[in-house]
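# An overview of the molecular structure
This is what each chain is made of:
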Amino acid sequence: MSLKQKVIKGVDKAFDKIKDLLTEATLTTRNVQGFNLAANQVVSSSAVTVRQVFIEQRIRRSAEGSFASITAYMKSDGHDYTVYDTLTVGTKMYAVTSAVDNQFVVMLELANV
């Protein structure tokens, strides 16, 4: 078994162990295509995907004060998550500020909206 397969198996095992902590999240992106002057509306399309994620919120303290760091983790599936701008869990909406996929785990940095 290759090292990559061992890591994938380890990630699968880790996510299986925290399955009770996973929550369903909806990722959404809005692509603005233009403006309809006659209707006075933005013309856009959106893409939506639903995934199981683990959300971690940490409070970081420094000399300047403290702030919350929110990260959503999900298993990598080859999908491009850099195109999504919002993540919604229930009624709570977050802005996706960055997305990193290391081919094993996707990490989305979030901000409260």
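A brief structural summary. Remember, it's a predicted structure, so these values are computed and weren't measured experimentally. (Residues numbered from 1 in each chain as written. Predicted model: local features only at pLDDT ≥ 70, side-chain atom pairs only at ≥ 80, totals over all residues. Heavy atoms only, no water.)

Let us now look at the sheet that holds strand S3 (residues 65-75). Within a sheet, each strand pairs with its neighbour through backbone hydrogen bonds, oriented either parallel or antiparallel. Around the barrel, which closes on itself, the six strands sit in the order S1-S2-S3-S6-S5-S4 with antiparallel pairing between neighbours. Ignoring strand direction, the axes of neighbouring strands in this sheet form an average angle of 45°. (Pairing = 2+ DSSP bridges. Helix = DSSP H or I, 4+ residues; strand = E, 2+ residues; numbered from the N terminus. Axes fitted to C-alpha atoms, helices over the stretch in contact; angles between N-to-C directions.)

What follows is about the pattern of salt bridges. Enumeration over the complete set of coordinates arrives at four salt bridges. A salt bridge links Arg51 to Asp77; the nearest nitrogen and oxygen atoms lie 3.0 Å apart. Placement of the pair is Arg51 in strand S2 (residues 41-62) and Asp77 in the loop between S3 and strand S4 (86-89), with a sequence separation of 26 residues. Residue Glu56 is joined to Arg58 by a salt bridge in which the shortest nitrogen-to-oxygen separation is 3.5 Å. Since its relative accessible area comes to 33%, Arg58 is described here as partly exposed. (Salt bridge = Lys/Arg side-chain N within 4 Å of Asp/Glu carboxyl O. Buried < 20%, exposed > 50% of the residue type's maximum accessible area, 1.4 Å probe, protein only.)

Here we come to unusual backbone geometry. Positive phi, close to 55°, is recorded for Asn40, a residue that is not glycine. By secondary structure assignment, the location of Asn40 is in the loop between strand S1 (23-36) and S2. Of note in this structure, Gln103 is not a glycine but carries a positive phi near 75°. Summarising the element assignment, Gln103 is placed in the loop between strand S5 (92-101) and strand S6 (105-112). For Gln103, a relative accessible area of 53% corresponds to the exposed category.

Below, the discussion takes up the environment of Val53. Structurally, Val53 can be placed in strand S2. The exposure class of Val53 is buried, given its relative accessible area of 0%. As a C-alpha pair, Val53 and Lys9 span 44 residues in sequence and 18 Å in three-dimensional space.

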